[in-house]
Amino acid sequence: LRYEFYFLSSGINAEYGRFKKDAANNSEVHNLLIMDKKTYEVLHVHRFAPTEWGLSVFSYHCNEKDYFVVGTAFVNEEDSESKDGRLIVFRWDGTTLNQVASHDVKGAVSCVTEVCGKILAGINNKVTVFEFKEDDGLKVECKYHNTLMAVYLRSRGQFILVGDLLRSMALLVYKQLEGRLEDIAKDYKANWMTQVEILDDDTFLGAEHFNNLFVCTKEGGLEEEDRRLLKLAGQFHLGENANVFREGSLVLKNPSGAPPLVHKTILYGSSTGAIGLIGCIEKPLFDLLLTLQEALARTVVSVGYIPHNVWRAFHNDRQKEPANGFIDGDLIERFLDLPRSDMSKICSDLFYDFDGTGMKREGTVDDLVKLIEDLARIH
C-alpha cells in the first residue's frame, strides 16, 4: 500500500501529533489516521466511539481490494481489563475510508494479522479466526482458548506463533479444512513477552520484559513430549526493551551480487527509541565470530569495566544464565578500532573459508577487516 497508518490520541479538531482530551467528558479520544507515506499529510481521520481505544491495526488485501482491520477496546477505569471491544474493517479506495464491517467481541483486541486469507485476532485469552466477506461482514470460524493473554501474533502459511503475556510462546496450526486451531508446541518457561517473530518454519524469536532476546526451535522426535516442546536454542541480554519486530533491512541487500553473509534480517524497535538489527548466519561463520568475540572480550575494555559475559548473560527476576546462540555485533565491530598489533594477536589460529572456495585457511588481519566491514554494511 502507498499509505502508512497508525493510531493517535487527540481531539478531532486538535493539532495532529499533540495529546489532548475530550473536553466534554475529560476522556482520551482515539482516531485512525490515514497518512501519505512521503509527506505524512493526513488524508483521512476516523474517530472512534467514546472510551474506545485503538489497540491494533493490520493492512489486509482481499478480492483485489485494500482494507484496514482495526482492533479496539472499550476502557473503563473501574475495570482491571477491558471486557468489550470491536474488530472493525475499513475499505480504502485511495481517497476515502469507508467502514464495511464491525464485530463486537468480549475483550480487548490486542493484535490482528492474517492466516490463510482469514483474519486472525488475539482477544484477551483467545486467538480467533474470522472469515470476512464485504457482503456478509465478519463471522467467527474457530477459537483457541489455552492462553493467559494473547498479545502478539505472527503467521507463516498455516502456522501461527502466539506471544502470551506471561506464558512465553506457543505454536499453533490452522487446519483450514477442519476449521479449527490446534496447538503443536510450546515453550513452558514463564517469560513475560514483549514481541515475537517467526524466523523460519522451525525457528522462533522472542523478546521479553527484562530486556532479553531468546530463540526457540521446534524439533522432531520419537516421543510426543519432545515434539510438543519448543526448545531453547539461544539467549542474549539485549539491554533494550524490544517491543516491535519487522522483517527488513536498513540498506540495499547485496549490491555487489556476492553471496550474502546474513540470510535473513529482522529489524527491532525498542521502548527507548532504539532501532537495531538481528541477522541469521550459517554455522561456520557463527563459529568464527564466536571465537573472535571471545578474543575481543579479553582485549577490549568495556564501559564501566563490566565483563562482556556478565552484561550479555540472560537474566530476569528468577534466573541468570550465560548467553549462547547469539553474536554481539557491536563488540565484533570494535575490532576495526584496535591497533594493528592487537589485530594480529587476535587473528592467530582463526580458520575460515575467507575466499569462498570451500577450503579453510588461517585468516589475516586484512581478511578479518574485510569480513567485518562487509557485515557492518548490512546496517
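Within every chain, residues take consecutive numbers counted from 1 along the sequence as written. Thresholds applied to this predicted model are a pLDDT of at least 70 for local features of residues and 80 or more for the giving and counting of side-chain atom pairs; totals over whole chains, interfaces and linings are not thresholded and use all residues. The side-chain values count all of the structure's non-hydrogen atoms but skip hydrogen atoms and water molecules.

1. Brief notes about the confidence of the model for the chain
For step 1, the next point in the chain: Every residue gets a pLDDT, meaning the predictor's confidence in that residue, from 0 to 100. For the chain, mean pLDDT is 87; residues scoring 70 or higher make up 91% of the total.
For step 2, the next point in the chain: Contacts: residue pairs with any heavy atoms within 4.5 Å of one another. Counted against residues more than four places away or in other chains, residues 1-20, with its pLDDT under 50, gives 58 contacts.

2. Brief notes about the side chain of His237
For step 1, the next point in the chain: Going along the chain from the N terminus, every DSSP run of H or I of four or more residues is numbered as a helix, and every run of E of two or more is numbered as a strand. Mapped onto the elements, His237 comes out in strand 21 (residues 230-237).
For step 2, the next point in the chain: Polar contacts here mean pairs of N or O atoms no more than 3.5 Å apart (in protein, one a potential hydrogen donor and the other a potential acceptor; neighbouring residues in sequence count only if both atoms are side-chain atoms). At 3.4 Å, the side chain of His237 forms a polar contact with the backbone oxygen of Asn211.
For step 3, the next point in the chain: At 2.9 Å, the side chain of His237 and the side chain of Asn212 are in polar contact.

3. Some words on a nonpolar patch on the surface
For step 1, the next point in the chain: Nonpolar side chains (Val, Leu, Ile, Met, Phe, Trp, Tyr) within 5 Å and like charges within 9 Å form the patches, drawn only from residues with over 30% relative accessible area and no salt bridge. Accessibility throughout is a Shrake-Rupley quantity obtained with a 1.4 Å probe, and a residue counts as covered only by protein chains that appear here. Any carboxyl oxygen of Asp or Glu within 4 Å of a side-chain nitrogen of Lys or Arg constitutes a salt bridge here. Side chains of Leu148, Leu166 and Trp192 sit close together on the surface and give an oily, nonpolar patch of about 260 Å² of accessible area.
For step 2, the next point in the chain: Following the sequence through the fold, Leu166 ends up in the loop between strand 15 (159-164) and strand 16 (169-175).
For step 3, the next point in the chain: Only protein chains enter the accessibility calculation, which uses a 1.4 Å probe; a residue whose area is less than 20% of its type maximum is buried, one above 50% is exposed, and one in between is partly exposed. Given a relative accessible area of 39%, Leu166 falls into the partly exposed group.

4. Side note on the environment of Gly325
For step 1, the next point in the chain: Relative to the helices and strands, Gly325 is located in the loop between strand 26 (320-321) and helix 4 (329-333).
For step 2, the next point in the chain: The class of Gly325 is partly exposed, set by a relative accessible area of 46%.
For step 3, the next point in the chain: C-alpha separation for the pair Gly325 and Phe68, spaced 257 residues apart in sequence, amounts to 38 Å.
For step 4, the next point in the chain: Every residue in contact with Gly325, bar those within four places of it in the chain, is listed here: Ala233, Gly234 and Phe286.

5. Notes on the layout of surface pockets
For step 1, the next point in the chain: Two kinds of site are reported from a 1 Å grid over the protein atoms alone, namely cavities, where a 1.4 Å probe fits but cannot get out, and pockets, open sets with protein on both sides within 12 Å along at least five of seven lines, and residues are called lining when an atom falls within 4 Å of a point. Grid points are joined across faces, edges and corners, and a volume is the space filled by probe spheres set on the points. There is about 1200 Å³ of room inside the largest pocket.
For step 2, the next point in the chain: Around the largest pocket, the lining is made up of 41 residues, and of these Leu277, Ile278, Gly279, Phe326 and Ile327 lie nearest the centre.
For step 3, the next point in the chain: The element best represented in the lining of the largest pocket is strand 24 (residues 275-280), accounting for 6 residues.

6. Overview of the pattern of salt bridges
For step 1, the next point in the chain: Following the criterion strictly, the structure yields 24 salt bridges and no others.
For step 2, the next point in the chain: One salt bridge in this structure joins Glu134 and Lys65, with 3.8 Å as the shortest N-O distance. Taken together, the residues span a long stretch of sequence, with Glu134 in the loop between strand 12 (126-133) and strand 13 (137-144) and Lys65 in strand 7 (residues 65-74) at a distance of 69 residues.
For step 3, the next point in the chain: You can call Glu134 partly exposed: its relative accessible area is 25%.
For step 4, the next point in the chain: Residues Arg361 and Asp355 are paired through a salt bridge, measuring 2.8 Å at the closest nitrogen-oxygen approach.
For step 5, the next point in the chain: Relative accessible area serves as the criterion here: at 27%, Arg361 is assigned to the partly exposed category.

7. Considering helix 5 (residues 340-347)
For step 1, the next point in the chain: Those residues of helix 5 lying buried are Met343, Ile346 and Cys347. Here the buried residues of helix 5 occupy an arc of 100° about the axis, which is enough to place them on one side.
For step 2, the next point in the chain: Positive phi shows up at Asp349, right after helix 5, with a value of about 65°. Regarding the arc, it is the one traced by the directions from the helix axis to the C-beta atoms.

8. As for the state of the cysteines
For step 1, the next point in the chain: Cysteine sulfurs are considered disulfide-paired once they come within 2.5 Å of each other. According to the stated counting rule, one finds 0 disulfides in the structure shown.
For step 2, the next point in the chain: Between Cys62, a free cysteine, and Cys116, which holds the nearest cysteine sulfur, the sulfur-to-sulfur gap is 13 Å.

9. A closer look at the sheet that holds strand 24
For step 1, the next point in the chain: Paired strands, in this sense, are two strands between which DSSP finds at least two bridges. Spatial strand order, 22-23-24: 3 strands in an open sheet with antiparallel pairing. Either end of the sheet is taken by a strand with one partner, and the two such strands are strand 22 (242-247) and strand 24. The sheet shows a mean angle of 30° between the axes of neighbouring strands, taken without regard to direction.
For step 2, the next point in the chain: With 5 bridges connecting them, strand 22 and strand 23 (residues 264-270) associate as antiparallel partners. Note on definitions: angles span 0 to 180 degrees between N-to-C directions of axes, and those axes are lines fitted to C-alpha atoms, for helices only across the stretch in contact.

10. Points about the sheet that holds strand 17 (residues 180-186)
For step 1, the next point in the chain: Spatial ordering of the open sheet is given by 14-15-16-17, a layout of 4 strands whose pairing is antiparallel. Edge strands, defined here as strands with exactly one partner in the open sheet, are strand 14 (150-156) and strand 17. If you compare each strand with its neighbour and ignore which way they point, the axes differ by 30° on average.
For step 2, the next point in the chain: Two strands pair when backbone bridges link them, and strand 15 and strand 16 are joined in this way by 5 bridges, in the antiparallel orientation. Residue pairing in the sheet places Gly163 in a bridge with Met169 of strand 16.

11. As for the side chain of Lys118
For step 1, the next point in the chain: Relative to the assigned elements, Lys118 resides in strand 11 (residues 118-123).
For step 2, the next point in the chain: Those residues within four positions of Lys118 in sequence are excluded, and the remaining contacts are Tyr60, Thr113, Val129, Phe130, Glu131, Glu141, Tyr174 and Gln176.

12. Section: the pairing of strand 23
For step 1, the next point in the chain: When you tally the buried positions in strand 23, you get 7 out of 7 residues, the bulk of the element.
For step 2, the next point in the chain: In strand 23, alternate side chains face the same way, and those of Lys264, Ile266, Tyr268 and Ser270 on one face and Thr265, Leu267 and Gly269 on the other are all buried.
For step 3, the next point in the chain: In this sheet, strand 24 lies alongside strand 23 in antiparallel orientation, the contact comprising 6 bridges. The residue of strand 24 that forms the bridge with Gly269 is Ile275.
For step 4, the next point in the chain: Between strand 23 and strand 24, which pair antiparallel in sequence order, lie 4 residues; one of them, Gly273, sits at a positive phi of approximately 95°.

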